[in-house]
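Below are the chains, spelled out letter by letter.
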Amino acid sequence: MSETEAPLRLAGVERRYRTEAGELPVLRGADLVLAAGEIVALVAPSGTGKSTLLHLAGLLERPDGGEVFVAGRAAGTLSDAGRTAIRRGTIGFVYQFHHLLPEFTAEENVVLPQLAAGVARGAARDRARALLAGFGLRGREHHAPGRLSGGEQQRVAIARALANRPRILLADEPTGNLDVGTAGLVFEELLAAVRGQGLAALIATHNPELAARMDRTVTLRDGRVVEG
Ligand SMILES: Nc1ncnc2c1ncn2[C@@H]1O[C@H](COP(=O)(O)OP(=O)(O)OP(=O)(O)O)[C@@H](O)[C@H]1O
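Here goes a summary of the coordinates provided.

Calculation rules
- Residues numbered from 1 in each chain as written.
- Predicted model: local features only at pLDDT ≥ 70, side-chain atom pairs only at ≥ 80, totals over all residues.
- Heavy atoms only, no water.
- Near = heavy atom within 4 Å.
- Polar contact = N/O pair within 3.5 Å; in protein donor to acceptor, adjacent residues only side chain to side chain.
- Helix = DSSP H or I, 4+ residues; strand = E, 2+ residues; numbered from the N terminus.
- Nonpolar A, V, L, I, M, F, W, Y, C, P; charged D, E, K, R; others polar.
- Buried < 20%, exposed > 50% of the residue type's maximum accessible area, 1.4 Å probe, protein only.
- Axes fitted to C-alpha atoms, helices over the stretch in contact; angles between N-to-C directions.
- Parallel < 35°, antiparallel > 145°, perpendicular 65-115°, else oblique.
- Left-handed = near helix turned anticlockwise from the far one by under 90°.
- Contact = heavy atoms within 4.5 Å.

If you check the shell around the ligand, you find 14 residues, and the closest are Ser46, Gly47, Lys50, Ser51 and Thr52. One of the side-chain nitrogen or oxygen atoms of Lys50 is found 2.7 Å away from an oxygen atom of the ligand. Secondary-structure elements contributing two or more residues to the shell around the ligand are β1 (8-19), β2 (22-34) and α1 (50-57). Tallying contributions element by element places α1 first for the shell around the ligand, with three residues. By residue class, the composition of the shell around the ligand is four nonpolar, eight polar and two charged.

Moving on to the environment of Val180. Here Val180 shows up in helix α6 (residues 180-196). Taking relative accessible area as the criterion, Val180 reaches 76% and is therefore assigned exposed.

In this section: the packing of helix α3 (residues 106-116) against helix α4 (residues 121-134). Following both chains from N to C, one finds α3 and α4 inclined at 130 degrees, their axes separated by 8 Å at the closest point. Considering the angle they form, α3 stands oblique to α4. α4 is crossed by α3, and the crossing has right-handed handedness. Across from Ala106, Glu107, Val110, Val111, Gln114 and Leu115 in α3, the residues of α4 making contact are Arg121, Ala123, Ala124, Arg125, Arg127, Ala128, Arg129, Leu131 and Leu132. Taken together, the residues of the contact of α3 with α4 sort by class into nine nonpolar, one polar and five charged.

See the structure below:
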């Protein structure tokens, strides 16, 4: 992995949805570069394509045109298995709703992606415990998500996203589901973790105060990324 390559680059990315009313072009040539260690806010009105952009950047979907480069590698040229490997090892993703596995404990939710990446169970458990402790969750490791508060659930989801030491963190309104006070706290913890680990991050938010805490802001206009 070359140090000179940006961790994430979108070049001319297009995405259209087929709806009953016809084709809906959401992204029409979106370009974006995330430099190493750069934290970028994605602030745009509802329905303009923030989630779509994040899902494409996170290799959860394939674009209809253009290319997503992760550390210089063109994702479109990779097999599904190759994309999964990059997603698992290089990219952490945090959703608005935690998406934790309800039948597993907080600790297991952070252990499982590491096992999938080939980490030994003991090492995975140690890292999960350290991450959860870092988010103030010592003593809550064995709780199922349903027994945690909304803020705690989101902290576990962030710990899970960081479990495999990604280079890139993508987050889709990671505190959008929390009350204002909790959202501020969880967001500061997320930023501290991202900065502490030197990750590149793209974080969608509707909150201008949270956006102002990041390095720069971009928005979506007519399906393209522009400086906000
Ligand atoms: N699978 C899909 N099929 C059809 N249309 C879709 C699909 N996913 C998203 N859309 C439409 O594409 C547009 C962009 O959606 P997207 O979720 O990316 O927006 P967003 O900016 O994240 O919105 P919000 O801030 O409300 O979450 C919307 O008009 C949405 O209705």
